[in-house]
Amino acid sequence: AEPSVYFIGKMLWSKGLGSLMELIKYAEESASLGIKVDMYGGGPNKDEASEKANTLGVDMEFHGPVDHAALGMSHKIFINPSTSEVLCTTVAEALAMGKFVILPSHPSNDFFAQFPNCLPYSSKEEFVGNLYYALTHSPEPLSKEYSYALSWEAATKRFESSGCITVAEAEAVENALSTDAGLELPPLIEDKSQRNKVAATIRLNRNRYRQFRSKLSQEMQQSNILPIPLRKRMVAELDKRLDFNIDEILASPKLRFQLSPAQLDKNLLDFYDKYPHGQYGDLIRVIFGRGVDVGRQNHYLRQQASKLKRQQQMVESKKRLGHRSSKKNREDFMISSKIRSALERNLNLNVKRTTNRESNNNNFVGGKNDLLNPKGKQKDNGPRMSLQHQSVGMVKPRNSFPTRLPPKVFFSRPLI
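Quick caveat, the model's predicted, so the values are computed rather than measured.

Participant: Quick question: what am I supposed to make of the side chain of Asn45 here?
Facilitator: Note on placement: Asn45 falls in the loop between strand S2 (37-40) and helix H2 (46-56). For Asn45, the side chain forms a polar contact with the main-chain nitrogen of Trp13, separated by 3.2 Å. Apart from the residues lying within four places of it in its own chain, the contact partners of Asn45 are Met11, Leu12 and Trp13.

Have a look at this one:
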């Protein structure tokens, strides 16, 4: 292959295009290595990179996208200045085709440093030296070992090995997860005599409670009310006992837990997020003396907000009660309106709305056709012996009430 240099990849400034131009310019100025670089690939910064190359006076020709396999016999040196790759595929392809590859010393390129045709650099001077070596030498043939290292089978095995741990590491992890961790706490009661009294009281109460449980268990066994499976299960629960040394717990309490370090850290973080930032976080700050002013202020503001919320709820409840009472008054008014309209229609009366006091004093209040006077007596609309006077108590209905005729008068002898 001709000693030509090329770059293939996405035309982005993040791929190190600017760094490549500066390195080529430095090689030309410092070592008189005037070379032409063929740029293959497309991207949003292609035109800008071409303009910058012309401005710097670097011999770069941008050809656009091309298949990397098509450059197998046409180019000898591949330069990849990018440091944004995890594992550059074009570098692996160039090494597999037996080309020199010049790239920066970077963790993403550590895998390729084992190949003899890979020439990493960490400075401009080292880049110039590698470029001169590549221009004046021929690449070494790719051996079977290095060819296998570039295969998918070798990549799969490397992936499996990266996820494996040794037997010693597995045993250490198992012990760390299964071993009980503990925290030594100060005694709950410093005074020994007082501690003995508390322990004696606890033991007495525990014995009494055990006697109660055993008696209840015996009664349940003798009873036939409960189903047999439920009875056996309840008796088994009553027979359980929690045996612990009260004196040891009071003298040297221990906090033990069976959690992995990651789970313990997660629980502690959840506790921190729940309590200090929750409802009682301000009280905790006041008690422990950190952020006392802020804690008191936040606690006061929360109390005021809670008080305002209760007041708003009371106002809303009163509004609901008032709405219900007004609704009831409207219903009563509609009923009374219907009664008045029925009376006016059937009795031909002009009924007016009265108060409770007036309705108690007057049986009926109307306009010109009042049946009763304010004193409750009948009006004298004619002579007492006349038929008009006798029919005063009769009201002639209009539509719905049946007509009541005046009573008949029977005579025992003819009147002269």
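Participant: When you look at the nonpolar core in this model, what are you seeing that I'm missing?
Facilitator: Within the largest apolar cluster, 43 residues are counted, with the highest numbers of intra-cluster contacts made by Ile24, Met39, Met60, Ile79, Ile102, Phe127 and Leu131. Ignoring sequence-local partners within four residues, the contact set of Phe127 consists of Leu23, Ile24, Ile79, Ile102 and Tyr121.

Participant: So what exactly am I meant to see when it comes to the environment of Pro81 here?
Facilitator: Along the chain, Pro81 turns up in the loop between strand S4 (77-79) and helix H3 (89-96). Owing to a relative accessible area of 6%, Pro81 belongs among the buried residues under this scheme. For the pair Pro81 and Ile102, spaced 21 residues apart in sequence, the C-alpha separation works out to 8.0 Å. When near neighbours in sequence (up to four residues on either side) are disregarded, Pro81 contacts Phe7, Lys15, Gly16, Leu20, Pro104 and Tyr121.

Participant: Hey, could you run me through H3 in this one?
Facilitator: Two residues of an α-helix separated by three or four positions point the same way, owing to the 3.6 residues in each turn. Turning to H3, its buried residues number three or more, namely Thr90, Val91, Ala94 and Leu95. Buried residues along H3 cover an arc of 135° about the axis, so they all sit on one side. Elements in contact with the buried residues of H3: strand S1 (5-8), S4, strand S5 (100-104) and strand S6 (118-121).

Participant: I'm lost on the side chain of Asn117 in this one. Help?
Facilitator: Within the secondary structure layout, Asn117 lies in the loop between S5 and S6. Those residues within four positions of Asn117 in sequence are excluded, and the remaining contacts are Leu95, Gly98, Lys99, Phe100, Val101, Pro139 and Glu140.

Participant: Whenever I open this one, the confidence of the model for the protein chain confuses me. Can you help?
Facilitator: As a note on interpretation, predicted positions should not be read in detail where pLDDT is low. Here the protein chain shows a mean pLDDT of 76. Residues at 70 or above account for 68%. Here residues 353-397 scores under 50 on pLDDT; set against residues more than four positions off or in separate chains, the count is 33 contacts.

Participant: Teacher, can you tell me more about the packing of aromatic side chains here?
Facilitator: Given two aromatic rings, one states the distance between the centres and the angle between the planes to describe the pair. Inspection of the entire model under this criterion finds 7 aromatic pairs. Here Phe111 and Phe115 contribute two aromatic rings whose centre-to-centre distance is 5.9 Å and whose plane-to-plane angle is 75°, an arrangement assigned as edge-to-face. Phe111 gets classed as partly exposed once you look at its relative accessible area, which sits at 22%. Measuring from centroid to centroid gives 5.2 Å for Tyr121 and Phe127, while their planes differ by 70°, and the two rings are edge-to-face. Here the aromatic cluster, defined as three or more aromatic residues joined through ring pairs, consists of Phe111, Phe112, Phe115 and Tyr146.

Participant: I'm lost on the packing of helix H8 (residues 192-222) against helix H9 (residues 228-238) in this one. Help?
Facilitator: The geometry of a pair of packed helices is captured by two quantities: the angle between their axes and the separation between those axes. Two elements in contact, H8 and H9, have axes separated by 9 Å at closest approach and are oriented at 165°. It follows from the interaxial angle that H8 and H9 lie roughly antiparallel. Handedness of the crossing formed by H8 with H9: left-handed. Contacts between H8 and H9 involve Arg213, Leu216, Ser217, Met220 and Gln221 from the first element and Arg231, Met234, Val235, Glu237 and Leu238 from the second.

Participant: Would you explain the sheet that holds S4 in this entry?
Facilitator: Remark on secondary structure: sheet strands pair via backbone hydrogen bonds, oriented parallel or antiparallel. With respect to topology, 6 strands assemble into an open sheet ordered S3-S2-S1-S4-S5-S6, the strand pairing being parallel. The open sheet has two edge strands with one neighbour each: strand S3 (60-64) and S6. Looking at each pair of strands side by side, their axes are set apart by 25° on average, direction ignored. Bridging between S4 and S5 involves 3 bridges; their strand directions are parallel. The residue of S5 that forms the bridge with Ile77 is Phe100. Across the sheet, helix H1 (residues 17-31) lies against S1, S2, S3, S4 and S6, angled at about 145° from S3, the strand it touches most. Across the sheet, H3 touches S1, S4, S5 and S6, and the angle it forms with S5 is around 150°.

Participant: Explanation requested: the pattern of salt bridges in the structure shown.
Facilitator: Two side chains carrying opposite charge are able to pair once their charged atoms lie near each other. Under the defined criterion, the tally for this structure stands at 3 salt bridges. Here Lys15 makes a salt bridge to Glu85, at a shortest N to O gap of 2.5 Å. Here Lys15, found in the loop between S1 and H1, pairs with Glu85, found in the loop between S4 and H3; they are 70 residues apart in sequence, far enough to count as distant. Residue class for Lys15 comes out buried when judged on its relative accessible area of 18%. Where Lys25 meets Glu29, a salt bridge forms, and the shortest distance between an N and an O atom there is 3.9 Å. Here Lys25 and its partner Glu29 are both found in helix H1, 4 residues apart, which amounts to about one turn of the helix. A relative accessible area of 24% means that Lys25 is categorised as partly exposed.

Criteria and cut-off values
- Residues numbered from 1 in each chain as written.
- Predicted model: local features only at pLDDT ≥ 70, side-chain atom pairs only at ≥ 80, totals over all residues.
- Heavy atoms only, no water.
- Helix = DSSP H or I, 4+ residues; strand = E, 2+ residues; numbered from the N terminus.
- Polar contact = N/O pair within 3.5 Å; in protein donor to acceptor, adjacent residues only side chain to side chain.
- Contact = heavy atoms within 4.5 Å.
- Core = buried A, V, L, I, M, F, W, Y, C linked by side-chain atoms within 4.5 Å.
- Buried < 20%, exposed > 50% of the residue type's maximum accessible area, 1.4 Å probe, protein only.
- Arc of directions from axis to C-beta.
- pLDDT = per-residue confidence, 0-100.
- Phe/Tyr/Trp six-rings, centres within 6.5 Å; stacked < 30°, edge-to-face > 60°.
- Axes fitted to C-alpha atoms, helices over the stretch in contact; angles between N-to-C directions.
- Parallel < 35°, antiparallel > 145°, perpendicular 65-115°, else oblique.
- Left-handed = near helix turned anticlockwise from the far one by under 90°.
- Pairing = 2+ DSSP bridges.
- Salt bridge = Lys/Arg side-chain N within 4 Å of Asp/Glu carboxyl O.

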